[in-house]
Amino acid sequence: MTNIISIVHKQLKRASTKASFNDNLLNILSKPMNEIKVNFPVKINNEVKIFSGYRIQHNNFLGPFKGGLRFSNHVSSNEVSALAQWMTYKCTLLDIPFGGAKGGLKIETEDYTKEELEMITRKFTQSLFPYIGSNKDIPAPDVNTNSQTMDWMTDEYNIISGNHHLTCNMKSIFTGKSMNNGGSHVREESTGRGVALMIKEWAKKNNYNLQGKKYIVQGFGKVGYRACEVLSTYGMNLVAVADHTCYLYLKEGFNVFNLRDHINENKVLKGYEHGEEISKEEFFKINCNVIIPSALELQIDENIAKDINCDLIVEAANGPIDNEAELILEDKNIPIIPDILANSGGVLVSYYEWLQNKRDEYWEESYIRDRFDKKMEDTFEKIYKISIKYDCTLRDASYIYSLGRLESNYLSRN
Ligand code: NAD
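A. Region of the structure containing the state of the cysteines. For the structure on display, the rule yields zero disulfides. The thiol sulfur of C288 is not disulfide-bonded, and the nearest other cysteine sulfur, from C310, lies at 5.4 Å. For C288, a relative accessible area of 4% corresponds to the buried category.

B. Here's a closer look at the site of the ligand. By nearness alone, 22 residues border the ligand, and D142, T191, K222, H244 and N318 come closest of all. The separation between an oxygen atom of the ligand and a polar side-chain atom of R187 is 3.4 Å. T191 is positioned such that a nitrogen or oxygen atom in its side chain is 2.8 Å from an oxygen atom of the ligand. In isolation the ligand has 820 Å² of accessible area, and contact with the protein removes 85% of it.

C. View of the environment of K204. Structurally, K204 can be placed in helix 7 (residues 187–205). K204 gets classed as exposed once you look at its relative accessible area, which sits at 53%. Residues K204 and D142, 62 residues apart in the sequence, show an inter-C-alpha distance of 30 Å.

D. Examining the environment of E108 more closely. With respect to the secondary-structure elements, E108 resides in the loop between strand 4 (100–106) and helix 4 (114–128). Measuring from C-alpha to C-alpha, the distance between E108 and R359 comes to 37 Å, with 251 residues separating the pair along the chain. At a separation of 3.3 Å, a polar atom in the side chain of E108 contacts the side chain of N73.

E. The arrangement of helix 1 (residues 4–18) in detail. Compared with the 21 Å implied by 1.5 Å per residue over 15 residues, the 22 Å span of helix 1 between its first and last C-alpha is a close match. Of all the residues in helix 1, the buried ones are I4, I5, I7, V8, Q11, L12, A15 and S16. Around the axis of helix 1, the buried residues are gathered within 160° of arc, so they sit on the same side. Of the exposed residues in helix 1, those oriented more than 90 degrees away from the buried face are K13 and T17. Each element contacted by the buried residues of helix 1 is listed here: helix 2 (23–29), helix 3 (77–93), helix 12 (323–331) and helix 16 (394–413). Where helix 1 begins, the capping side chain belongs to N3, and its oxygen is found 3.1 Å from the backbone nitrogen of I5.

The rules we used
Residues numbered from 1 in each chain as written. Predicted model: local features only at pLDDT ≥ 70, side-chain atom pairs only at ≥ 80, totals over all residues. Heavy atoms only, no water. Disulfide = S-S within 2.5 Å. Buried < 20%, exposed > 50% of the residue type's maximum accessible area, 1.4 Å probe, protein only. Near = heavy atom within 4 Å. Polar contact = N/O pair within 3.5 Å; in protein donor to acceptor, adjacent residues only side chain to side chain. Areas by Shrake-Rupley, 256 points an atom, 1.4 Å probe, with all protein chains shown as cover. Helix = DSSP H or I, 4+ residues; strand = E, 2+ residues; numbered from the N terminus. Expected span 1.5 Å × (residues − 1). Arc of directions from axis to C-beta. Contact = heavy atoms within 4.5 Å.

By themselves, these are just geometric observations and shouldn't be taken as functional.
Here it is as C-alpha cells:
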C-alpha cells in the first residue's frame, strides 16, 4: 500500500528539480508544524465510546491554518498529514492569506443517528477548541461532513466561549456553514464549479471542443455532483458514475439531475434505475474523453493507469493518482489537472466566507460567482504559463508557483 505522505514528498522533490528552491525551506515544509491528536469520550446508549480525531497544522507562513475536517473510518494521521500539506500549496497557489491544515475524525458515520452525530461533533469541537480560531486555524467541510457539521461546531465553539449571540468573530472560525449561520453563497457548489472551470480553461488552451465529449466521475458527493452539474451545461455527457456502493455505466449518458434526486432520496447510488453495474477496473478502462476522480486519494495505481484511455484527467479529489501511475499516464501523454489547482475552488469561497464574516458583510451571489470565475480562470492561466516556461506538467508548475511564494516569504524573514 502506497504511503500517501510519500506521494507529496515525491511531487515536491520533482518540482524542485525543475526549479531550485531554498533547502532550508524544503526541509521545513517536509514536516507539519503541529500534529494534534485528541481522544474523547461520548456516552451513547449508556455506553462510553472513545473517539479519536486529528488536526494536523502543516504551515502558517502566509496566514492562519486552513483546511477541511473529514469523518471517516479510514482517517489516519498519515492521511491527514498529506492532506494538510496539500492545503498549504493550494492556498498559496490562489494567493489567499491562509496556511494549510486538515483534520479528521475516525468514525463510521452510517452507524450513528443524526442526534448521536451532533453529540459526537460537539464533543470533537470541545477537544479542538484550544487549537482553532479565526486567526489561528479555520476548519471547513470535507468527506462526510457538511454545512450542518459546521453549524454544530460553530454553535458549540460559541457556547464554550460564553457568547450569547453569534458575533462576527465567532462566525469566522469555521467556513462552509449554512446561510443561516454566516455561510456564503456559492460555497456549496464552489469546488465542483472550480473543477468544471479548469476543464473549460484547459479546453480553450488546447482548442478542444467540449460539446458531446464523454466523461466519467468516481464519487458523486458534494464535489462530484456539482462538477457534473456545470459540465452538463457545456454539453458534456456523463457515461459512467460511481460512489462507495457501486459503479454504473450507461452508453447514452446519465441525466445528472435524476441521479442527484436518486441520491438525495436513497443516500447511495446503488439501486439507480438506469445503467449497467460494472467493476472499478472496468470503470477506469472506459474509452472516454475526461476522467474525474472525485472520491478519495490513491484510487489510480499503476494497474489501473495502464488501462486508462482518455484525453484528460482532472483530480477533483485530493491525491487520487499515485506517483507510479502518474509516470505511466505521462508516458501515454495524458495530461492531469492536479488536485491543488483543480479542487482549489472550495477554499477560495471559504476565504470569501471568512472575509464576509470578519467584516460583517453580505456579498450577493452574482458578485461572488463573477469574482470566483475570474480568479479561477486567472489562476489556471498563471499556472499554464509556468508549465510552458519550464516545459513541465501542470502539477510541477503548480508546485513551482507555490514554493516560489513560500520561499519569498521565508527569505524575507531569514
Ligand atoms: P463527499 O463525502 O460529499 O463525497 C464523497 C463521494 O465519494 C461519495 O459519493 C462517496 O460515496 C464516494 N466514495 C467514497 N469512497 C469511495 C470508494 N471507495 N469508491 C468510490 N466512491 C467512493 O465528499 P466531497 O466533499 O465531495 O469530497 C470528495 C473529494 O474532494 C475528497 O478527496 C475531498 O478531500 C476533496 N475535496 C473536497 C472539497 C470540498 O469542498 N468538499 C474541497 C477540496 C477537495
